Amino acid sequence: MKTSQSVIISCAITGSIHTPSMSPHLPVTPEEIADGAIGAAEAGAAILHLHARDPKTGAPTPDPDVFLRFLPKIAAATDAVINITTGGGQTMTVDDRLAAPSRIEPEMCSLNLGSMNFGLYPMADRPREWKHDWELKHLLGSRDFIFRNTFGDIERILEEMGEKRGARFEFEAYDTGHLHTLAHLRDRGLLRGRRPFVQFVLGVLGGTGADPESLFQMKATADRLLGDDYDFSVAAAGRMQFRLVTIGAAFGGNVRVGLEDNLYLERGRLAASNAEQVTRIREVLEALSFTIATPDEARERLGLKGRDKVALAGT
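Below you will find a few notes about this structure. If you're wondering where the values come from, they're calculated on a predicted model, not measured in any experiment.

Conventions and cut-offs
Every chain is numbered independently, its residues counted from 1 as its sequence is written. Two thresholds apply to this predicted model, a pLDDT of at least 70 for residue-level local features and 80 or more for giving and counting side-chain atom pairs, whereas whole-chain, interface and lining totals are computed over all residues. Calculated side-chain values reflect all of the structure's heavy atoms, with hydrogen atoms and water omitted. Each residue gets one of three labels from its accessible area relative to the maximum for its type: buried under 20%, exposed over 50%, partly exposed in between, using a 1.4 Å probe on protein chains only. Each helix is a run of H or I in the DSSP string that is no shorter than four residues. Each strand is a run of E no shorter than two, and both are numbered from the N terminus. Whether two strands pair depends on DSSP finding at least two bridges between them. By the criterion used throughout, a crossover qualifies as right-handed when its path from the first strand across the helix to the second strand runs clockwise, the strands pointing away from the viewer. Take the buried Ala, Val, Leu, Ile, Met, Phe, Trp, Tyr and Cys residues and link them wherever side-chain atoms come within 4.5 Å; each set so joined is a nonpolar core. By the convention used here, residues are in contact when the closest approach between their heavy atoms is within 4.5 Å. Orientation is described by lines fitted to C-alpha atoms, with helices fitted over the stretch in contact, and by angles between N-to-C directions that extend from 0 to 180 degrees. Each salt bridge in this description consists of a side-chain nitrogen of Lys or Arg and a carboxyl oxygen of Asp or Glu lying within 4 Å of one another. Working definition: the arc comes from the directions between the helix axis and the C-beta atoms, pointing outward to the latter.

Below, the discussion takes up the pairing of strand β2 (residues 47-50). On β2, burial covers both faces: I47 and H49 on one face and L48 and L50 on the other are all buried. Sheet topology note: the strand β1 (residues 9-12)/β2 ladder contains three bridges and is parallel. If you follow A12 over to β2, its bridge partner there is H49. Regarding topology, helix α1 (residues 30-43) serves as the crossover connection from β1 to the parallel β2, and that connection is right-handed. Sheet topology note: the β2/strand β5 (residues 81-84) ladder contains four bridges and is parallel. Paired with H49 across the bridge in β5 is N83.

To continue, consider the nonpolar core. Grouped burial of nonpolar side chains is what soluble globular proteins tend to show. Judged by nonpolar contacts, the single largest core of 87 residues is most densely connected at L48, L50 and F200. Ranked by residues supplied to this core, first place goes to α1 with seven residues. L48 has contacts with C11, I13, A37, A40, A41, I74, T78, A80, V81, I82 and N83, leaving out every residue within four places of it along the chain. Grouped together as the second largest cluster of nonpolar side chains are 10 residues, A46, A293, A298 and L304 included.

In spatial order, the strands read β1-β2-β5-β6-β9-β10-β11-β12; together these eight strands close into a barrel with parallel pairing. The average undirected angle you get between the axes of adjacent strands in this sheet is 25 degrees. In terms of strand pairing, strand β6 (residues 108-112) meets strand β9 (residues 168-173) through five bridges, oriented parallel. If you follow L111 over to β9, its bridge partner there is F171. Contacts from helix α7 (residues 176-187) reach β9 and β10 (197-202), with the element oriented near 145 degrees to β9.

Tallying each qualifying case throughout the model produces 23 salt bridges. Taking the shortest distance from any N to any O, the salt bridge between D261 and R256 comes out at 2.8 Å. An identical accessibility class is assigned to D261 and R256; each is buried. The salt bridge partner of R299 is D296, with a shortest N-O separation of 3.2 Å. Highlighted residues: R299 and D296, both in helix α11 (residues 295-302), separated by three residues, approximately one helical turn. Here the salt bridges share partners, and the residues they tie into one network are E170, E172, R256, E260 and D261.

A separate point is α11. Quick reminder: α-helices carry 3.6 residues per turn. Residues three or four places apart thus point the same way. Every buried residue belonging to α11 is among P295, A298, R299 and L302, and all of these are buried. Summarising the axial view, the buried residues of α11 lie within an arc of 100 degrees, below the 170-degree limit, and thus occupy one face. Where α11 is buried, its residues meet β2, β5, β6, β9, β10 and β11 (231-236).

Below, the structure written as structure tokens:
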């Protein structure tokens, strides 16, 4: 268990789960997403996990042109690693999900390790005034939604983004079965001999729970299947976010925070920004005598190709 190395903080800026009516602080427009990402980087995030939203409605969008309204601003203002989703959001095809990352050729992409139920519908039970017609439909539609990530889809993303464009992956594992899939991909040589960076994602309805026991099970399974040949990070949905990512760091891991995963800073208090969450976890980690990895330290440890090889270079 490696606990002496610095901790990489990732920040998931907006995602495709929460809707604008849930928090006035959720970044929606390209300007808000750029400002949120830059603030998170200035607060200590080495990796920025990025989705795009329709500027008018706040609905998730795969449109590369929307990504390109905020990515150059982020790249010009910070040296943080740009990590573009290939998970996208509901109703998006794999073609949709690859449109932006294949055009931008980032240093990192997320890659989900299996098809699963992805239940957002309990969030519709809380009374609120909905700003947009799509929001309630988005939440309730998840009752019959299967988040598709077949073996063929995963192989395609590995080929398109890894083999052809040199991206490394944030392998998102929502349950122990996803870790078996990752070991299978490694055994087939599809990881190209590279040490995987695994994100344990806890607390999504349809995946493993947001509790310490589930985290311990994920870590034990990864250790058994992958040995010492992987790096991991912890993300947790909702109120268990800070507790579980701190436990993950204590076990030698890295951490992910951000408004994609959790809208709150503490019980009953919405986070005013992504930077506020990054600052909070940084303070916790530093109080526990951890050091925080810089973007270049993250690049070296994860074997990234470098920001000069991203299609945004020079913009």
